[in-house]
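Now for the letters of each chain:
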Amino acid sequence: MKRYIFGNWKMAQARTKAIEFVSRWSGSKENVEAAVFPSFVHLGECIRERKNGLKIGAQDCSTEMEGAFTGEVSARMLAEFGMDYVLVGHSERRARFGESNEQLKAKLHQLSLVGLKPVFCCGESLEIRKAGKVFDLLEKQLEVIGAAEMNAFKPLIIAYEPVWAIGTGVTASSSEIEEVHAWLSKKLPGAVLLYGGSVKLENSEQILRIPGVHGLLIGGASLSPENFEAICQIASRLSV
Ligand code: PGA
């Protein structure tokens, strides 16, 4: 089974480090799709300089395709670069920039028009988990994904990232991850399911061994090429 190891660099990777990472990349492994998601302003150079099959994605895109939208970057602009993936609905965008389901639906639509693949993020806050409402919340977040979206993106990639596990050093337990991934695979048959939230080299094998986990979306630990390559190596070993 193919594994997906994706690195979300957020606003954390300096330009020189980003270019060094992609231009020296030699960590591609059999049966592993490795991709990094640099800042918008580094995308052009990263795409030009990337080596050995490393895929490149953007961290967001506009709900609009063109026009008077100061500061926005459209799906078409990204497609023209030769991008591979685009993150949609990361919890930081939902929480800090107030992105709504309507906006996320519009972004998926724009990506479908230009043939770019989304990585659709979902996941609950600690409050929601404590209240026992994880699946109600996921159900709401996934209202954005209908038959049109399932057909447009084959396979559709979903990243389950509990908000309380992102950047905190606390990962969800194996049983919590397994429970959500089992629910997701029933709800979205055929989707590729990633886990994200404080994934490190040290816990990556344990998480990749959880049934229903096809790959990882990694923040902080993806900034180092050595770490990222070592995780790809583990994923490749587990892919057979
Ligand atoms: P983290 O971030 O691995 O640093 O917790 C994951 C993410 O936000 O995608």
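See the structure printed just above.
**Here's the deal with helix α7 (residues 134–141)**
Taken as a whole, α7 has its buried residues at Val-134, Leu-138 and Gln-141. Projected onto a plane normal to the axis of α7, the buried residues spread over an arc of 60° and lie on a single side. The elements touched by buried residues of α7 are α4 (91–97), α5 (101–114), β5 (117–122), α6 (126–130), β6 (157–160) and α9 (174–187).

**As for the pattern of salt bridges**
Under the counting rule described, the total for this entry stands at 17 salt bridges. Note that Lys-105 is salt-bridged to Glu-149, the shortest N-O span being 3.4 Å. Of this pair, Lys-105 sits in helix α5 while Glu-149 sits in helix α8 (residues 147–152), and the two are 44 residues apart along the sequence. Assessed through its relative accessible area of 34%, Lys-105 is described here as partly exposed. The residue Arg-237 makes a salt bridge to Glu-205 at a minimum N-O spacing of 3.1 Å. Taken together, the residues span a long stretch of sequence, with Arg-237 in helix α11 (residues 225–238) and Glu-205 in helix α10 (residues 201–208) at a distance of 32 residues. Accessibility expressed as a relative area gives 47% for Arg-237, which makes it partly exposed. Salt bridges sharing common partners tie together Asp-60, Arg-93, Glu-99 and Lys-107.

**Structural notes on the packing of aromatic side chains**
A complete count under the given rule lists nine aromatic pairs for this structure. Measuring from centroid to centroid gives 5.2 Å for Phe-135 and Trp-183, while their planes differ by 45°, and the two rings are tilted. Note that Phe-135 is positioned in helix α7 and Trp-183 in helix α9, a separation of 48 residues in sequence. Taking the relative accessible area as the measure of exposure, Phe-135 reaches 25% and is therefore partly exposed. The rings of Tyr-4, Phe-6, Phe-37 and Tyr-85 are connected pair by pair, giving a single aromatic cluster. Of note, Arg-93 hangs over the ring of Phe-97, and the distance from its end group to the ring centre comes to 4.2 Å. Here the guanidinium or amino end of Lys-117 rests over the ring plane of Tyr-85, the centre of that ring lying 5.2 Å away.

Definitions and cut-offs
Residues numbered from 1 in each chain as written. Predicted model: local features only at pLDDT ≥ 70, side-chain atom pairs only at ≥ 80, totals over all residues. Heavy atoms only, no water. Buried < 20%, exposed > 50% of the residue type's maximum accessible area, 1.4 Å probe, protein only. Helix = DSSP H or I, 4+ residues; strand = E, 2+ residues; numbered from the N terminus. Arc of directions from axis to C-beta. Contact = heavy atoms within 4.5 Å. Salt bridge = Lys/Arg side-chain N within 4 Å of Asp/Glu carboxyl O. Phe/Tyr/Trp six-rings, centres within 6.5 Å; stacked < 30°, edge-to-face > 60°. Lys NZ or Arg CZ within 6 Å of the ring centre and 35° of its normal.

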